[in-house]
Amino acid sequence: MTLPQTPGRASAEADEIRGTVLQFLKEKTLATPATDQDLFASGVVSSMFAMEMVVFLEQSYRVTIVGGDLKIDNFRTVDAMTQLVLRLRDASDT
Amino acid sequence: MAADQTDHRLAILGGGVMGTGIATLAVGHGIPVVLVDVSEEVLHRTRANVALQLRHAALMGALPADRPSGELITSTSVQDAGDATAVIEAVTESPELKAKVLAEVSAAVQPGTAIISNTSGIPIDEMAAWVTRGDELIGTHFMNPPYLIKMVEVIRGSRTGDRVMAAVTGLLGSLGRRAIVVRDSPGFVTSRLLHPMINRAAQVVADGTATVEDVDALMEGCLGHPTGPLRTADLIGLDNLADSLQVLYERTGDESCRPCDLLVAKVREGSLGRKSGRGFYSYGKTPS
């Protein structure tokens, strides 16, 4: 686990992203997984749905997920998706 | 032993679900594609969908990393398939339409060019009468999505020549697919087994025996089916499924292949599965 440990802006952002992703998953799959649960191994999402997650994150957070970031491990858990969005947003801020 | 992908120039006829997915597979493996459809509007959508599917394939680690993508050209003229090394016909599963398109493309290509009909059930020997040179026709049955499913059913008709057989084996090798070659028969192997099963699954739901979700859950949890028959039906496309069942029913007389009322009703109301956003299940707006 490498989630931001410091309170404040980063963790508030992370909480917001986690909540948004969980809400999207709930609307689409009727499931409320734990944030570190493997969504593919547990059958919550299919490989077809994974692409919907990519598009959803890109549109919700105005990030572009390409190249080495476009790999299934980045979408395996709610926490992994949150980390990805935080990292891509930080990169575009600077 | 696989031929270099740059040796291939593929023409794909039809920009629907399968034509699009096969184009993604080919371009993603470095093979240039000319995709032909009668509608500019369809071609516009196809180009966007290939771009999206290339990302999906990359996401799933399904493309080779050692080569650049092939070029995708779209066209409304079958004549642009003229210098292809192989043609894959992937138009709607209607014998009348396939007859027309196969005759046109057969006249447009160089003699010796493999003409591959992607079909889920029409016998290849029946289609061989529609092309100029029957020994150049062979069948494939790609599964959806073609860029994620590694196995392809290949159907050798009684007239299919050795040269075309070898060309198609080489092409599928370059696409990283594994071919299983079977003999010609309505529905071949996969559709002959799967389609009546899906039809029955829909009938079970119509009878009120179980819900859509429970039918799929039982087939997954008890019998090891990877996605369940009704979720599979949505992925195939319910219109294509009904067409294929009709083809099977007309050619075998098997009552289990007569499209059931629930399936026919869903097609009539435009619930075509994943591609239309709704079938046995509901999907979001994002096509994938």
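Within each chain, residues carry numbers counting from 1 in the order of the written sequence. Written order determines the labels here, with chains lettered from A and ligands numbered from 1. In keeping with the predicted nature of the model, local features appear solely for residues at pLDDT of at least 70, side-chain atom pairs appear and are counted solely at 80 or more, and the whole-chain, interface and lining totals rest on all residues.

1. Focus: the overall build of chain A
Phase 1: The number of helices and strands found in chain A is three helices and zero strands.
Phase 2: Out of the 94 residues belonging to chain A, those deemed buried represent 21%.
Phase 3: Remark: residues whose backbone-derived C-beta atoms lie within 7 Å of one another are considered to be in contact. Sequence-distant contacts, at least 24 apart, represent 53% of the contacts inside chain A between residues at least 6 apart. The way it works is that DSSP assigns letters per residue, a run of H or I at least four long becomes a helix, a run of E at least two long becomes a strand, and they are numbered from the N terminus. Residues with at least 20 neighbouring C-beta atoms inside 10 Å of their own are called buried, those with 12 or fewer are called exposed, and the rest are partly exposed, where every C-beta is derived from the backbone.

2. Brief notes about the packing of helix H6 (residues 190-206) of chain B against helix H9 (residues 238-252) of chain B
All names here are of chain B.
Phase 1: The axes are straight lines fitted to the C-alpha atoms, using for helices just the contacting stretch, and the angles between their N-to-C directions are given from 0 to 180°. Across the interface, H6 lies against H9 with an axial gap of 10 Å and an inter-helix angle of 115°. Relative to H9, the crossing made by H6 is left-handed. Packed against H6, whose contacting residues are Ser 191, His 195, Ile 198 and Asn 199, the element H9 presents Leu 241, Ser 244, Leu 245 and Leu 248 at the interface.
Phase 2: Basically, the charged four are Asp, Glu, Lys and Arg, the nonpolar ten are Ala, Val, Leu, Ile, Met, Phe, Trp, Tyr, Cys and Pro, and anything else, Gly included, counts as polar. Here the contact of H6 with H9 is composed, by residue class, of four nonpolar, four polar and no charged. By definition, any crossing whose near helix is turned counterclockwise from its far helix by less than a right angle is left-handed, and any crossing with a clockwise turn is right-handed.

3. So, helix H5 (residues 162-174) of chain B
Turn by turn, an α-helix covers 3.6 residues, leaving residues three or four places apart pointing in a common direction.
Residue and element names in this part refer to chain B.
Phase 1: Here H5 is 13 residues long and its end C-alpha atoms lie 18 Å apart, about the 18 Å a rise of 1.5 Å per residue gives.
Phase 2: Those residues of H5 not exposed but buried are Val 164, Ala 167, Val 168, Leu 171 and Ser 174. Each buried residue of H5 lies within a common arc of 120° when the element is viewed along its axis, so the set occupies one face. For H5, exposure combined with an orientation more than 90 degrees from the buried face picks out Asp 162 and Ala 166.
Phase 3: Buried residues along H5 sit in contact with strand S4 (86-89), strand S5 (114-118), strand S6 (137-141) and strand S7 (151-156).
Phase 4: Count one or two residues on from H5 and you reach Gly 176, which has phi positive near 70°. What a helix should span is 1.5 Å times the count of its residues minus one. This arc describes the spread of directions from the helix axis toward the C-beta atoms.

4. Describing the nonpolar core
Phase 1: Residues of type Ala, Val, Leu, Ile, Met, Phe, Trp, Tyr and Cys that are buried and joined through C-beta atoms within 7 Å form what is called a nonpolar core. Within the largest apolar cluster, 79 residues are counted, with the highest numbers of intra-cluster contacts made by Ile12(B), Leu13(B), Ala81(B), Val87(B) and Val105(B).
Phase 2: Considering each element in turn, this core owes the most residues, seven residues, to helix H1 (residues 17-28) of chain B.
Phase 3: Boundaries between domains were set according to an automatic or database domain assignment. Looking at this core, you find at least three residues from each of domain 1 (5-183) and domain 2 (190-276) of chain B.
Phase 4: Judged by nonpolar contacts, the second largest core, of 16 residues, contains Phe49(A), Val54(A), Leu57(A) and Met81(A).

5. Here we look at the confidence of the model for chain B
As a general rule, the predicted coordinates of low-pLDDT regions are not to be interpreted in detail.
Phase 1: Here chain B shows a mean pLDDT of 94. Residues at 70 or above account for 96%.
Phase 2: Predicted as a complex, the structure gets a pTM of 0.88 and an ipTM equal to 0.84. Values of pLDDT, the confidence the predictor places in each residue, fall between 0 and 100.

6. Describing the packing of H9(B) against helix H10 (residues 261-268) of chain B
Geometry of a packed helix pair, given as the angle between the helix axes and the separation of the axes.
Residue and element names in this part refer to chain B.
Phase 1: Closest axis-to-axis distance for the H9/H10 pair is 9 Å, and the angle between their directions is 130°. The angle between the axes of H9 and H10 places the two elements in the oblique class. With respect to the hand of their crossing, H9 and H10 are arranged in left-handed fashion. Residues Leu 238, Asp 239, Leu 241 and Ala 242 of H9 touch H10, and the partners they reach there are Leu 263, Val 264, Lys 266 and Val 267.
Phase 2: In terms of residue class, the contact of H9 with H10 is made up of six nonpolar, no polar and two charged. Here is the rule for angles: anything less than 35 degrees is roughly parallel, anything more than 145 is roughly antiparallel, 65 through 115 is roughly perpendicular, and the remaining ranges are oblique.

7. Focus: the sheet that holds strand S3 (residues 72-75) of chain B
Residues and elements named next belong to chain B.
Phase 1: With mixed pairing, the eight strands of this open sheet are ordered in space as S3-S2-S1-S4-S5-S6-S7-S8. Taken across any chain shown, the strands that pair with only one partner, and hence form the sheet edges, are S3 and strand S8 (178-183). Direction aside, the axes of adjacent strands within the sheet are offset by 25° on average.
Phase 2: Paired strands, in this sense, are two strands between which DSSP finds at least two bridges. In this sheet, S4 lies alongside strand S1 (residues 10-13) in parallel orientation, the contact comprising four bridges. Following the sheet pairing, Ala 11 is matched in S4 by Val 87.

8. As for the domain arrangement of chain B
Phase 1: The domain architecture assigned to chain B consists of domain 1 (5-183) and domain 2 (190-276).
Phase 2: Class assignment for the residues of the side of domain 1 of chain B that touches domain 2 of chain B results in three nonpolar, five polar and two charged.

9. Description of unusual backbone geometry
Across the chain, the bulk of peptide bonds are trans and the bulk of non-glycine residues have phi less than zero.
Phase 1: Asn144(B) connects to Pro145(B) through a cis peptide bond whose omega is 0°.
Phase 2: For Pro145(B), the location among the structural elements is in the loop between S6 and S7.
Phase 3: With a phi angle near 65°, Leu30(A) is a residue other than glycine that sits in the positive phi range.
Phase 4: Checked against the element boundaries, Leu30(A) lands in the loop between helix H1 (9-29) and helix H2 (47-61).
Phase 5: With a phi close to 50°, Phe188(B) is a non-glycine residue in the positive phi region.
Phase 6: With 23 C-beta atoms packed within 10 Å, Phe188(B) lands in the buried category.

10. So, the pairing of S4(B)
Residues in a regular strand project their side chains so that they alternate between the two faces of the sheet.
Phase 1: Of the two faces of S4(B), the one carrying Ala86(B) and Ile88(B) and the one carrying Val87(B) and Glu89(B) are both buried.
Phase 2: By convention, orient the strands away from the viewer: a clockwise path from the first strand over the helix to the second makes the crossover right-handed. Note that the unit made of S4(B), helix H3 (residues 95-108) of chain B and S5(B) has a crossover that is right-handed.

11. Observations regarding the environment of Ala50(A)
Phase 1: Its location among the elements puts Ala50(A) in helix H2.
Phase 2: Between the C-alpha atoms of Ala50(A) and Arg76(A), which are 26 residues apart in sequence, the distance is 8.9 Å.
Phase 3: Here Ala50(A) is in contact with Val45(A), Ile72(A), Phe75(A) and Leu59(B), once residues within four sequence places are set aside.

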